[in-house]
Amino acid sequence: MRIILLGSPGSGKGTQASMIISKYAIPHISTGDMFRKNIKSGNELGIEAKKYIDMGLLVPDDLTLGMIGDRFLESDCQNGFLLDGFPRTLIQAEALGEELKRAGKNLTAVVNLEVNDDVIASRMTGRRVCSKCGANYNLVFNKPQEEDICDKCHGQLITRDDDKLATVINRLQVYKNETQPLIDYYKGKGILVTVNGEQDAEIVFNNICSTLEKVR
Ligand code: ADP
Ligand code: AMP
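Residues numbered from 1 in each chain as written. Chains lettered and ligands numbered in written order. Predicted model: local features only at pLDDT ≥ 70, side-chain atom pairs only at ≥ 80, totals over all residues. Heavy atoms only, no water.

Asker: An account of the site of ligand 2 is needed here, citing residue identities and associated values.
Answerer: Around ligand 2, the structure places 16 residues, and the nearest of them are Thr31, Arg36, Leu57, Arg88 and Gln92. Within the side chain of Arg36, a nitrogen or oxygen atom sits 2.9 Å from an oxygen atom of ligand 2. Within the side chain of Arg160, a nitrogen or oxygen atom sits 3.2 Å from an oxygen atom of ligand 2. Across the complex, the protein chains shield 96% of the 480 Å² of accessible surface that ligand 2 would expose by itself. If you tally residues by element for the shell around ligand 2, the top one is helix α2 (residues 31-41), at 4 residues. (Near = heavy atom within 4 Å. Polar contact = N/O pair within 3.5 Å; in protein donor to acceptor, adjacent residues only side chain to side chain. Areas by Shrake-Rupley, 256 points an atom, 1.4 Å probe, with all protein chains shown as cover. Helix = DSSP H or I, 4+ residues; strand = E, 2+ residues; numbered from the N terminus.)

Asker: Describe the sheet that holds strand β1 (residues 2-7), listing the residues and the values that go with them.
Answerer: The 5 strands lie next to each other as β2-β3-β1-β4-β8, forming an open sheet whose pairing is parallel. Every interior strand has two partners, whereas the edge strands, β2 (28-30) and β8 (192-196), have only one. Direction aside, the axes of adjacent strands within the sheet are offset by 25° on average. Two strands pair when backbone bridges link them, and β2 and strand β3 (residues 81-84) are joined in this way by 3 bridges, in the parallel orientation. Paired with His28 across the bridge in β3 is Leu82. (Pairing = 2+ DSSP bridges. Axes fitted to C-alpha atoms, helices over the stretch in contact; angles between N-to-C directions.)

Asker: Any details on helix α1 (residues 13-24)? Residues and values, ideally.
Answerer: Relative to the 16 Å expected for 12 residues at 1.5 Å per residue, α1 spans 16 Å between its end C-alpha atoms, a close match to the ideal helical length. All of the buried residues along α1 are Lys13, Gln16, Ala17, Met19, Ile20 and Tyr24. Elements that come into contact with the buried residues of α1 comprise β1, β2, β3, β4 (109-114) and α9 (201-215). (Expected span 1.5 Å × (residues − 1). Buried < 20%, exposed > 50% of the residue type's maximum accessible area, 1.4 Å probe, protein only. Contact = heavy atoms within 4.5 Å.)

Asker: So what about the packing of α2 against helix α3 (residues 44-53)? Which residues, and what values?
Answerer: Running from N to C, α2 and α3 point in directions that differ by 120°, and their axes come no closer than 7 Å. Judged by the inter-axis angle, α2 sits oblique to α3. As for the relative orientation of α2 and α3, their crossing is left-handed in sense. Here Phe35, Asn38 and Ile39 of α2 come into contact with α3, specifically with Leu45, Gly46, Ala49, Lys50 and Ile53. Taken together, the residues that form the contact of α2 with α3 break down as 5 nonpolar, 2 polar and 1 charged. (Parallel < 35°, antiparallel > 145°, perpendicular 65-115°, else oblique. Left-handed = near helix turned anticlockwise from the far one by under 90°. Nonpolar A, V, L, I, M, F, W, Y, C, P; charged D, E, K, R; others polar.)

Asker: Provide a residue-level description of the sheet that holds strand β6 (residues 136-138), including the pertinent values.
Answerer: Sheet architecture is open: 3 strands sit in the order β6-β5-β7, paired in antiparallel fashion. Bordering the open sheet on either side are β6 and β7 (157-158), each of which pairs with just one other strand.

Asker: Let's hear about the pattern of salt bridges: which residues, and what values?
Answerer: The final tally for this structure, using the stated rule, is 15 salt bridges. Linking Asp117 and Lys176 is a salt bridge whose minimum nitrogen-to-oxygen distance equals 2.7 Å. You can see Asp117 sitting in helix α6 (residues 117-125) and its partner Lys176 sitting in helix α7 (residues 165-179), a full 59 residues away along the chain. On the basis of relative accessible area, Asp117 is assigned to the partly exposed category, the value being 35%. Taking the relative accessible area as the measure of exposure, Lys176 reaches 31% and is therefore partly exposed. One network of salt bridges, in which partners are shared, links Arg127, Arg160, Asp162, Asp163 and Arg171. (Salt bridge = Lys/Arg side-chain N within 4 Å of Asp/Glu carboxyl O.)

Asker: Give me the site of ligand 1: which residues, what numbers.
Answerer: If you check the shell around ligand 1, you find 18 residues, and the closest are Gly10, Thr15, Arg127, Asn136 and Gln199. Between an oxygen atom of ligand 1 and a main-chain N or O atom of Gly10, the distance comes to 2.8 Å. Between ligand 1 and Gly14 there is a distance of 2.8 Å, counted from an oxygen atom to a backbone nitrogen or oxygen. For ligand 1, the protein covers 92% of the area, taking 560 Å² as the surface of the free molecule. Of all the secondary structure elements, the ones that give two or more residues to the shell around ligand 1 are α1 and β6.

Put into structure tokens, the structure is as follows:
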């Protein structure tokens, strides 16, 4: 199962990814998480990427492609992978396609999570993430048991720097300009499936799974 999760920031990709990878036993490859790890470690890539991320812009393709390399061909990807937040531009999509072609592999499906902008804004300003294990919460939809404390590891919950309203508005515009064209790109390849991402996360997950079962 080789899957791409496509959708605007806050559409629920990370939330769905954690459920999908445990059902299908495939690795979760998130370029956003990879950038955040580099930022945390304070290396050169992290310092450079942070400039773009904090402004709500995409990190340039050369840096993103250099970071992801052929991660999706590593040994833990024998049974497939789930890509979350990559590709985000046509150049990245073409590069991914070329790498997979060279390795004689195909994408199983591109799952497009559809969520309206007004819903996105309320989800993103309410998003809290664990500073220790990265688990995802929401002040409205998925509250932690104890305020600001992770249920899983008791780490401190924080607001991502790029979840401030002004940055969210930029990110939505960037998504429309640079990432939305991938919907038609993958539709043209006949592998796009669209799921209503506005429903309860469990319902979205069940809909994704039944769609995947049909195409696998
Ligand atoms: P993405 O990875 O696409 O940016 P996330 O999975 O981080 O999105 O979700 C954004 C926010 O919305 C999080 O706070 C998450 O808890 C919440 N969320 C995700 N899916 C749903 C859903 N189906 N209904 C309500 N809230 C959701
Ligand atoms: P995410 O956690 O997927 O929402 O990503 C957070 C931020 O990291 C994005 O707003 C971008 O600035 C950057 N980023 C993540 N993935 C990519 C990518 N594939 N291409 C360019 N920038 C990316």
